[in-house]
Amino acid sequence: MKIFVTGASGFVGSAVVQELIHHGHQVLGLARSDANAEAIAAAGAEVLRGSLADLASLERGAAASDGVIHTAFIHDFSNYAASVAVDRRAIETLGHALAGSGRPLVVTSGTLRAPAGGVATEDMPADPKFPRLSEASALPFAEREVRVSIVRLPPTVHGDGDHGFVPELIRIAREKRVAGFVADGSNRWPAVHRLDAAVAFRLAVEKAPAGTRIHAVAEVGIPTRDIAAVIGKRLEVPVEARPVEHFGWLGPFFALDVPTASEKTRELLGWRPVQAELLTDLDHPRYFAR
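So, here's what we can say about the structure. What you see as residue numbers is a count from 1 along each chain, following the sequence as written. Selection of residues for local features in this predicted model requires a pLDDT of at least 70, selection of side-chain atom pairs for listing and counting requires 80 or more, and totals for whole chains, interfaces and linings are taken over all residues. Calculated side-chain values reflect all of the structure's heavy atoms, with hydrogen atoms and water omitted.

1. Here we look at the overall build of the protein chain
Then, in step 1: When its secondary structure is counted, the protein chain shows eleven helices and twelve strands.
Then, in step 2: We compute the radius of gyration from the C-alpha atoms alone; for a globule the expected value is 2.2 Å times N to the 0.38, where N is the number of residues. Since a compact globule built from 290 residues should have a radius of gyration of about 19 Å, the 19 Å found for the protein chain is in line with a globular shape.
Then, in step 3: With the C-alpha coordinates of the protein chain rotated into their principal frame, the extents come out at 55 × 40 × 35 Å.
Then, in step 4: By the burial criterion, 52% of the 290 residues in the protein chain qualify as buried.
Then, in step 5: It only takes one pair of heavy atoms within 4.5 Å for two residues to be counted as in contact. Of the contacts formed within the protein chain by residues at least 6 apart in sequence, a portion of 80% connects residues at least 24 apart.
Then, in step 6: Note on areas: Shrake-Rupley with a 1.4 Å probe; residue coverage comes only from the protein chains shown. As displayed, the protein chain offers around 12400 Å² of accessible surface, 52% of which is attributable to carbon and sulfur atoms.
Then, in step 7: By the counting rule applied here, Lys and Arg register as positive and Asp and Glu as negative, while His and the ends of each chain are not counted. Here the site of a charge means NZ on Lys, CZ on Arg, CG on Asp, or CD on Glu. Here the protein chain contributes 31 positive and 34 negative side-chain charges, whose respective centroids are spaced 1 Å apart. Each helix is a run of DSSP H or I of at least 4 residues and each strand a run of E of at least 2, with the numbering of both proceeding from the N terminus. Type-normalised accessible area, obtained with a 1.4 Å probe on protein chains alone, sets the label of each residue: buried when under 20%, exposed when over 50%, and partly exposed for intermediate values.

Structure follows, in structure tokens:
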């Protein structure tokens, strides 16, 4: 297939592009800058100049392709509502462009929800209080002959080039000279390597049924104190409990207990994570290079 990928030069999207090309697909990647365009072309993909806010470019990309994988998102936590609005309009534009065609639309979401004392599963709908609206925006197009599927990513997607939550924890620990966790640190974060996540996206665009929720989760939940322990060892700083406020904007996320299962995803798609687990990957000098 020829797949249109938004976020094609990003941390996850670039891995998706490589995975698709390796398995014989053609890729059309959305690029908002010259640097993005160069990176996408160097990966062996065709470039479409545009952005999430340029809805006409999204329409052109979807029209020119056999399916779409939407990995782009503006991670501006200082103006998150605006980022959500851009994402919603982008998904609706892609959905309208694919309506009536039966072509696949794979949309990225997150796993930051688990029942009290339980484990989140693929059957659970998105939390209506969660501000990101990707699932609510995309899933209605399953009723309009679009093969919509949702790939939920855990809060920790790790690997080369990681610039997400874990590097922020490292920055805070380096600055404050303590590797912290909240309360007793028993709350759990699920995780996946970016290359394993890319396989889940490929399998989704190839064969996920309409309306499917996919959990690209390799590890159900790692206690946050274990994450802090590796950071503390590498930075040679104490590992101690700290209040939520110690972590700034990241604190409310880092305090969550969100174990997440992926058994149904593995059964449906035949997805099998094979990359290094989080603590092994984290215990590597590249995560701590300035």
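From this point on, the discussion continues.
2. Some thoughts on the pattern of salt bridges
Then, in step 1: What makes a salt bridge here is a side-chain nitrogen of Lys or Arg within 4 Å of a carboxyl oxygen of Asp or Glu, nothing more. All told, the structure shown has 16 salt bridges when counted by the stated rule.
Then, in step 2: Between Arg171 and Glu168 there is a salt bridge; the shortest N-O distance is 2.8 Å. With a gap of three residues between them, Arg171 and Glu168 both fall in helix α6 (residues 165–176), about one helical turn apart.
Then, in step 3: By relative accessible area, which is 40% here, Arg171 ends up partly exposed.
Then, in step 4: Taking the relative accessible area as the measure of exposure, Glu168 reaches 14% and is therefore buried.

3. Comments concerning the pairing of strand β4 (residues 67–70)
Then, in step 1: Residues Gly67 and Ile69 point to one face of β4 and Val68 and His70 to the other, with burial holding for every one of them.
Then, in step 2: Across four bridges, strand β1 (residues 2–6) lies against β4 in parallel orientation. The partner of Thr6 across the bridge, within β4, is His70. Pairing between strands is defined by DSSP: at least two bridges between them are needed.

4. Points about the packing of aromatic side chains
Then, in step 1: Note on aromatic pairs: the rings of Phe, Tyr and Trp (six-membered ring only in Trp) are paired at centre separations within 6.5 Å, and the planes decide the class, stacked below 30 degrees, edge-to-face beyond 60, tilted for the rest. The final tally for this structure, using the stated rule, is six aromatic pairs.
Then, in step 2: Arranged with centres 5.2 Å apart and planes meeting at 80°, the rings of Trp189 and Phe254 form a pair that is edge-to-face. One end of the pair, Trp189, is in strand β9 (residues 188–193); the other, Phe254, is in helix α9 (residues 251–254), and 65 residues separate them in sequence. Each member of the pair Trp189 and Phe254 is classed as buried.

5. Description of the sheet that holds strand β3 (residues 46–49)
Within a sheet, each strand pairs with its neighbour through backbone hydrogen bonds, oriented either parallel or antiparallel.
Then, in step 1: Here seven strands make up an open sheet; going across it, the order is β3-β2-β1-β4-β5-β6-β10 and the pairing parallel. At either margin of the open sheet sits one strand with a lone partner, and together these are β3 and β10 (212–215). Averaged over neighbouring strand pairs, the angle between their axes works out to 25° when direction is ignored.
Then, in step 2: Note that strand β2 (residues 26–31) and β3 share four bridges and pair parallel. Its bridge partner being in β3, Ala31 is matched across the sheet by Arg49.
Then, in step 3: The sheet contacts of helix α2 (residues 34–42) involve β2 and β3, and relative to β3 the element is tilted by about 160°.
Then, in step 4: Axis definition: a line fit to C-alpha positions, over the contact stretch in the case of helices; interaxial angles, taken between N-to-C directions, run 0 to 180 degrees. This element, helix α4 (residues 80–98), spans β1, β4 and β5 (104–110) of the sheet and lies at about 170° to β4.

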